[in-house]
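Observations on chain architecture
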Amino acid sequence: MSVAASRIEASAAARGRAISFRPLPWLWPLFLLLILGVLVIYPVARLVLGSLTDVNPMTAREALPPLTLEHYLDLAVNPTVRAATVNSLLACSFGALLSVVTGLLFAWIVVRTNTPMKGLIRSAGLMPLFIPPLVAGFAWSLLGSPETGLINVVLQAMGLPWKVNFYSLTGITVVFGVYYAPYVFMFTASALENMDPSLEEASEVSGSSVFQTMMRITIPLMAPAILSGGLLAFVIMLGVYGTPAILGTPANEPFLTTYLFSLLSWTPPLYNKAAAVSMLLVAVTALGIWLQQRALRGRSFVTVAGKSFRPKLIDLGRWRYFTLAFGLLYLFFVVVLPFAALLIVAFRKYMFVPDIGSLFDARQYSLGHFEALFANPLTMRSIWNSLIVGGAAAIFGGALAFAIAYTVQRTSVRLRTPIDYIATVPVAIPGLVIGVAYLWAWVGLPGGLYGTTAILAIAFIARFLPDTMKALSTSLIQIHRELEEASWICGLGLLTTIRKVVVPLTLPGLISGMTLLFVLSIRELGSSLFLYTSDSIIMSVLLLDFWEGGSIGVSAAFSVFQSALLFLIIGSVSWLTRRKR
Amino acid sequence: MTAELAVSRLNKTFLAGRPAIDDVSFVATAGEIVVLLGPSGCGKTTTMRSVAGLETPTSGQIRIGDDIVSDPAGGIFVRPQKRNVGMVFQSYAVWPHMTVAENVRYPLLNRRLPRAEMERRVAGALAIVSLTEYAGRSATALSGGQMQRVALARSLVYQPRLLLLDEPLSNLDAKLRLRLRDELRRIIKDAGVTALYVTHDQSEAVAVADRIGVMRDGRLIQLATPTELYTSPSSLFVAEFTGATNLISGRIIASDAGAARVAIAGGQELASRVPQRIAAGTEVTVAVRPENLRLSAGSAETGPAGHWNRVAGMVREARFQGVQTAYTVTSGETVWEINEYGSVPRHAGGDEVIVWVPRDGCWAYAEASTSAQAH
Amino acid sequence: MKYQMLISALIAALATSAQAAEFKADPALVAAASKEGAVTIYTANQLESEQQLAKRFNTRFPDVKIEIVRAPGSRLIARVDAEAASGKLAADIIEFSDSGLAKSYEKLLADYAPANAGKYPAEIRAISAKMWPKTAWGYVLAYNKALVKNPPKSWADLSKPDFDEKLGWIPAGAGGTSWTLAMFQRKVLGESEWKNLATKQPVMHPSDSPLLAAVIRGEVRVVPLKTNSIIPAMKDGAPIGIVYPADGVPMTVSVAGISATAPHPNAARLYLDWILSEEGQETWVNNSGGMTVLAGGSLPEGAEKAGLKLWFPSIKEYAELRNGWVNEWNTVFNYRQ
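Residues numbered from 1 in each chain as written. Chains lettered and ligands numbered in written order. Predicted model: local features only at pLDDT ≥ 70, side-chain atom pairs only at ≥ 80, totals over all residues. Heavy atoms only, no water.

Our next topic: the overall build of chain B. A count of helices and strands for chain B gives 8 helices and 21 strands. In terms of overall dimensions, chain B has a C-alpha envelope of 75 × 50 × 35 Å along the principal axes. Across the 375 residues that make up chain B, the buried fraction comes to 51%. In chain B, 66% of the contacts between residues at least 6 apart in sequence involve partners at least 24 apart. Of the roughly 15800 Å² of accessible surface on chain B, 50% is carried by carbon and sulfur atoms. Across chain B, the mean location of the 40 positive side-chain charges is 7 Å away from that of the 37 negative side-chain charges. (Helix = DSSP H or I, 4+ residues; strand = E, 2+ residues; numbered from the N terminus. Buried < 20%, exposed > 50% of the residue type's maximum accessible area, 1.4 Å probe, protein only. Contact = heavy atoms within 4.5 Å. Areas by Shrake-Rupley, 256 points an atom, 1.4 Å probe, with all protein chains shown as cover. Lys, Arg positive; Asp, Glu negative; His and termini not counted. Charge placed at Lys NZ, Arg CZ, Asp CG, Glu CD.)

Right, here's the structure in full:
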């Protein structure tokens, strides 16, 4: 054997079991960094610069205008910002807590127990994801406003002295909590599905009840999944505008995002201050991520044995009707009620409901809003555009997220950690602000990309990179490394191994990741507001146009249509993938 | 206080098809170690999990001590928490988020003992498995053998009346396995607890068991002491599974209730034992353990004392295996495998030798083996 | 102020309003526009209102497609800023809802004047020679017909005890039109007007849409809204009524111009010509319930010609007073946003 060959062999052995690209150790990560640079680093950098200067980045004459900290100082002394920060943190922390409890409970019920009608609970439990926050806020204002909320109308009719008021911090927290439970559910359900059941069986045999086993063994072992899901829910809630706007304004409760919105609505818009507020949100998120890392460091949560097994179902006996009732109650609260509200608005000529009798008066209902919706020439165009942009974002975004997740998880190339952090950053920045950042960063892109559906797809890919990556990382972790190594030993290269071994094994996770990306893209508003044109208009923007134009019935009809469409698409995808397995 | 385990007419079917457990009955007396031995898929693990309460049988009764814990016909099913059995899992199921001591203490948390008593028992259990110094260590910082001991300590700390062990040694390397199986038996006997042990390795079964139950396709084929199993296997499967690798086809010349004369290839004749009388002319397979055969130089006339068949042959291959040498000897069309203990081989390839085949070590069965040599 | 004179001039003009004349276009312009085939307008007008204008336009000129990009004032400006800075301004027509800010964008626009330029008030033309008042909005009162038996007749009426805790309102800082409303209250109705209103503890809603929803549902009884929000809902049968307050209707005017780098200059001319014509302004008023500053223009439904006081803010004051007064408004109403 030649000297060179033996030297390469020796160094490969020294590097251990991870894959290394001997001839190109720098090319691939640099390529990924380039993509991330365009998608993430450049827009965010402009945002950071904007927060430190006093001029509109687009019209500034100097390349580097004089830096100033005045915006940050302003934020520190501004009492509204303080109140808004307190409100945002309270609502999002408790909301995240509620999400974790709800999502975890559901994951446990669906994956681990013999509760009847699990399939319904599982798929319906994801439906809150379909509803954009603005629509959710509106639906809950319809249901829970103190004077004429539909819930109050019904309660009055039943003669009960109770009243609900969703125009409150509590109301917003509850809406946050139940709407983001699906995120936690997704993370924890997959962790549960892959846990070695003998860990729980050992606890049962040694005398612990089902409940004690869940509290002492199952949940502690799922700590990473719980923390990841909860953190993601928290960060996303921080950036939501629609719900606090509709439910918080009547209660005079400011939130960081509504404050942000008011900054941007000023004439001229106060970009720099808005950028500073966004940096505040990024800081809070970074703190959350750091806390999560600290909590999980040094403890092992390896639960995947590397062999396949059927997760054993716990027989709850009579308790399973209790869990079924809980599941149905959740569905009623989170899916049925708001959809009912939307349906009522969509089909009712106008929303004046003086008493319960009027609610059921058939003469008050018609198809008028749907007719108006589809008579609008932009409607069909927006549907088509949304499907295309959503599909492109799902496919290319999914592929990119997979490439990054694989590189970070499974290889030993340089720069993995920076790549991981950079790809996670977008999650902290609210859609409103990232939309402006994208505009500034990409309006000058050569090649006429600006103003097309392609740029919308790019915006969504960048926006949801962290979400998709997290989802994919979880599936990748589950694949035992030896399954890949066996492929290399047989002589197949890295790409073939990925294509023939890794992808088929992660396919369920990959498909659900792409489906998530599709759903998020369809309903995403903030990042597309500045980039769309009449030709590339998408459903979420059109919905907002209807809403801001006062056509509430048409907005509701559109929401109903969008939800039905999403439900259909997601349903077909999961039906198809179930058959494959 | 340890208890007797009585399993009667146990059945378990998962889906349409062959039942996983097919009419299995046995009794393990108090303090006895019974090993269920068989190839994968034979139903041994399902049987044990049914005793634990982790599987629900379709029919049949399981009684631990005076308590009937499972009887579908009578509507009885006691949940695993209430059966007071200990179980060591194949993957040990040691909880990674706790220390060794916390793992062992866990079963006592529910049993409402005073703090001092709990600690005493934990210390005692750790001492039994020789892990006292590891008490404060995280469960993930342990080797496989240590994890297995933690699992054992955990299952004994609450003094169950029955101990179940599901292939506890199969994840360990060979040397560790050899060392630990004796220790395992010692620990179980010291604790005086009735044990049901599952494995696919016959030498492990022999080292650990008081009695061994050989299972195949859901049925219990033979339940006997290790000696009995080896010296009087009741069927060809048992003989083969426990290591009788010489399987020679033949035909009965004459037989009575205990012994027979069998005609084999090349006009040779073997005196052999039979489990019951077999009609003359019946095709049989004769099973012989390689370690029961003796070799001597080709000119020897007298063999060892007792009934021995004398077969002349030539050494085709001699394989040195450290503590023993394995010989392949051809005699006419018949090929014999012989293991001779001792680290110095006494014969070499090409030698003319006599194979002494003991009548009491030959068992003829009226079954065909798939790996038998041609008649 | 110059605008008080404007009010009287308009009232005079309205007293002699004649039927709208049909729009006549130069055939050469029509041909050139049809060849270009499309026009892109950036506007803060409601989408469906603009679509109604476009629809009517297309019945006359079917070969010119109208592409609408709609965003509220500040978002629109962000886009215009960014696109102009990169040389990628895609708009043919740009409409500025904030006339105070509009002037600074003059350099982006081409020279333009419609045929009936003379019929537009001189003060508005003074904003810029290149920009013209395409749409006007007026704030009036809406009330829930089923729940309110004695509707208010003026802004001052709102201080009656009937309306304690029954009002909905929009924050002054929500946008240009709501700022105009707040400015009107303080300047015309008096310094203490805000305080009086604040004691009624009105419920705040972030924009017109939820405010409209709230009054239709009866969650609140009376709200301020623009005429083009109320009238379409009334036409749909919603149980709300409209009141043109006797003490004045604060008006916002948005001005539009043609981009200097417009890809479709002729089509832009044609569309803007049409909108600014009597025919176009009639469509805006009659179909969408809007208001117009065109001399001789009609009034939206329910408005009585006599006694209607339209109030226009001074452009200088609109810009100068805004920051300070909005902050004060927030303090008075204890509004933290």
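Moving on to the domain arrangement of chain B. All names here are of chain B. Assigned domains of chain B: these are domain 1 (5–236) and domain 2 (237–365). Taking the mean C-alpha position of each, domain 1 and domain 2 sit 37 Å from one another. Counting residues at the interface gives 18 residues for domain 1, matched by 15 residues for domain 2. Overall, the association of domain 1 and domain 2 removes approximately 1400 Å² of surface from exposure, summing both partners, and the carbon and sulfur fraction of that is 70%. When the buried surface of domain 1 facing domain 2 is broken down by residue, Y230, P233 and L236 rank first, second and third, together holding 47% of it. (Domains from an automatic or database assignment. Buried area = accessible area lost by both parts, 1.4 Å probe.)

With that settled, consider the interface of chain B and chain A. In this complex, chain B contributes 24 residues to the contact, which on the side of chain A involves 23 residues. For the pair chain B and chain A, the two sides together bury roughly 2100 Å², of which 55% comes from carbon and sulfur. On inspection of chain B and its partner chain A, the count reaches 1 salt bridge. Ionic pairing is found between R49 of chain B and E201 of chain A, a salt bridge with its closest N-O pair at 2.7 Å. Along the contact surface separating chain B from chain A lie 9 residue pairs in polar contact (both at pLDDT 80 or more). For the side of chain B that touches chain A, the leading source of residues is strand β7 (residues 85–88) of chain B, giving 3 residues. Classifying every residue of the side of chain B that touches chain A by side-chain character gives 14 nonpolar, 6 polar and 4 charged. (Salt bridge = Lys/Arg side-chain N within 4 Å of Asp/Glu carboxyl O. Polar contact = N/O pair within 3.5 Å; in protein donor to acceptor, adjacent residues only side chain to side chain. Nonpolar A, V, L, I, M, F, W, Y, C, P; charged D, E, K, R; others polar.)

Evaluation of the coordinates by the stated rule reveals 44 salt bridges over all chains. Here E119 of chain B makes a salt bridge to R115 of chain B, at a shortest N to O gap of 3.5 Å. Of the two residues, E119 of chain B and R115 of chain B are both situated in helix α3 (residues 115–128); the distance of 4 residues between them amounts to about one turn of the helix. With a relative accessible area of 29%, E119 of chain B lands in the partly exposed category. For R79 of chain C, the salt bridge goes to E83 of chain C, with nearest N and O atoms at 3.4 Å. A residue pair is termed a helical-turn pair when its members lie 3 or 4 positions apart in one helix, as R79 of chain C and E83 of chain C do in helix α4 (residues 73–85) at 4 residues.

Side chains of nonpolar character tend, in soluble globular proteins, to be buried together. Ranked by size, the top nonpolar core spans 375 residues in total, and within it L5 of chain B together with Y271 of chain C carry the most contacts. Among residues more than four places away in sequence, those in contact with L5 of chain B are F26, V27, A28, V51, I62, R63, I64, L162 and L196 of chain B. Listed in part, the 24 residues of the second largest apolar core include A260, V274, V284 and V315 of chain B. (Core = buried A, V, L, I, M, F, W, Y, C linked by side-chain atoms within 4.5 Å.)

All names here are of chain A. On the surface, a nonpolar cluster with roughly 380 Å² of combined accessible area is contributed by V86, L90, F94 and L97. Residue position: F94 is located in helix α4 (residues 79–112). What makes F94 partly exposed here is its relative accessible area of 49%. (Patch = residues over 30% accessible without salt bridge, like charges linked within 9 Å, V, L, I, M, F, W, Y side chains within 5 Å.)

Before going further, it helps to examine the environment of K316 of chain C. Secondary-structure assignment places K316 of chain C in helix α13 (residues 315–320). Along the primary structure K316 of chain C and G100 of chain C are separated by 216 residues, whereas in three dimensions their C-alpha atoms are 7.2 Å apart.

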